[in-house]
Amino acid sequence: MKLMLDTANLEAIRLYQDFLPLSGVTTNPSIIKKEGRIDFFAHLRQIRQIIGRDQSLHVQVIALTAQEMLAEADAVLDKVDRDVYIKVPVTAEGLKVIKLLRKSGVHTTATAVYSKMQAHLAIAAGADYVAPYYNRMENLNSDAAATIAAIADEIKRTASSAQILGASYKNIEQINRTLEAGGQAVTVAPELLEQALALPSVDQAVQAFRNDWFAVFGEEKTIADL
Ligand code: G3P
């Protein structure tokens, strides 16, 4: 799987960058809001500096019309860099933007996807990533895993190069189901990743192994000390 961080928090990005095989960082206006009144473009450039050019940086537009979304995309591409994936909500205007950006060679991530048809249209428009909102779909009593499986089928059927980037997760099982349904990538908030790694039974097992080792070789003597 490709794992991305759904955050704009520089400290969290630095931290997870150190020990996880990250593929990128995704942001949206609500995520940016959590960082307070930042210097938007400078902050995004800092994220790029941390993750480098090999990872993808996804930045969302906020305008409602295609023309204004394109102006925002231009500003991001000019003031951050040309490799940024422009996140575009899949509305009628958004689909226009995805098509036009595709034509000009700009990467896009189709976002705010709640339905199969939205995803299918985004794939047809040429989006690089399609981001179905797992938890939000479940909140609407919609079968998120089935939706993702149908999107994966559509990608195969049309031999599209688009990839599913699952988003909006509130628990680890939702991530597992995304991958089992055929999702290639997920974007996860740092708080949830922390939970994924904080398993008391794993800590207990590690401690029990250490105790057995120390019982034979002496307290605090590690393999390197032998
Ligand atoms: O990347 C989109 C995602 O951040 C939406 O998540 O938690 O607002 O449903 P959430």
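Here, every reference points to the structure presented above.
Below or above, wherever it landed, is the structure these notes cover. (Residues numbered from 1 in each chain as written. Predicted model: local features only at pLDDT ≥ 70, side-chain atom pairs only at ≥ 80, totals over all residues. Heavy atoms only, no water.)

Let us now look at the packing of aromatic side chains. Each aromatic ring pair is specified by the distance between its two centres and by the angle formed by the two planes. If you walk through the whole model with that rule in mind, you get six aromatic pairs. Pairing Tyr 134 with Tyr 169 gives two aromatic rings, centres 5.9 Å apart and planes at 35°, and the pair type is tilted. Of the two residues, Tyr 134 sits in helix 7 (residues 134–139) while Tyr 169 sits in the loop between strand 7 (163–166) and helix 9 (172–180), which places them 35 residues apart along the sequence. We classify Tyr 134 as buried; its relative accessible area is 1%. Judged by its relative accessible area of 6%, Tyr 169 is buried. (Phe/Tyr/Trp six-rings, centres within 6.5 Å; stacked < 30°, edge-to-face > 60°. Helix = DSSP H or I, 4+ residues; strand = E, 2+ residues; numbered from the N terminus. Buried < 20%, exposed > 50% of the residue type's maximum accessible area, 1.4 Å probe, protein only.)

We now examine the environment of Pro 21. One can find Pro 21 in the loop between helix 1 (10–19) and strand 2 (22–26). Assessed through its relative accessible area of 65%, Pro 21 is described here as exposed. Along the backbone, Pro 21 and Ala 150 are 129 residues apart, and their C-alpha atoms lie at a distance of 28 Å.

All residues adjacent to the ligand are Asp 6, Asn 28, Ile 31, Lys 87, Tyr 133, Arg 136, Ala 167, Ser 168 and Lys 170. In this structure, an oxygen atom belonging to the ligand sits 2.6 Å away from a side-chain N or O atom of Arg 136. In the model, an oxygen atom of the ligand is placed 2.6 Å from a nitrogen or oxygen of the Lys 170 side chain. Surface burial for the ligand is 82%, taken as the share of its 310 Å² of free accessible area covered by protein chains. Among the residues forming the shell around the ligand, the class breakdown is three nonpolar, two polar and four charged. (Near = heavy atom within 4 Å. Polar contact = N/O pair within 3.5 Å; in protein donor to acceptor, adjacent residues only side chain to side chain. Areas by Shrake-Rupley, 256 points an atom, 1.4 Å probe, with all protein chains shown as cover. Nonpolar A, V, L, I, M, F, W, Y, C, P; charged D, E, K, R; others polar.)

So, about the pairing of strand 4 (residues 85–89). In terms of burial, strand 4 is largely enclosed, as five of its five residues are buried. Alternating residues of strand 4 divide into Tyr 85, Lys 87 and Pro 89 and Ile 86 and Val 88, and every residue in both groups is buried. When strand 3 (residues 56–60) meets strand 4, the two strands line up parallel, connected through three bridges. Paired with Val 59 across the bridge in strand 4 is Ile 86. For the handedness criterion, the β-α-β arrangement of strand 3, helix 4 (residues 66–79) and strand 4 is classed as right-handed. Taken together, the four bridges between strand 4 and strand 5 (residues 108–113) define a ladder with parallel strand orientation. Within strand 5, the residue paired with Lys 87 across the bridge is Thr 109. (Pairing = 2+ DSSP bridges. Right-handed = clockwise from strand over helix to strand, strands pointing away.)

Compared with an ideal rise of 1.5 Å per residue, which puts 14 residues at 20 Å, helix 8 (residues 144–157) spans 20 Å between its outermost C-alpha atoms and is within 8% of the ideal. If you check which residues of helix 8 are buried, you get Ala 144, Ala 145, Thr 147, Ile 148, Ala 150, Ile 151, Ala 152, Glu 154 and Ile 155. Turning to helix 8, the residues buried within the fold contact helix 6 (116–125), strand 6 (129–132), helix 7, strand 7 and helix 9. Residue Asp 143 occupies the N-cap position of helix 8, its side-chain oxygen lying 3.3 Å from the main-chain nitrogen of Ala 145. (Expected span 1.5 Å × (residues − 1). Contact = heavy atoms within 4.5 Å.)

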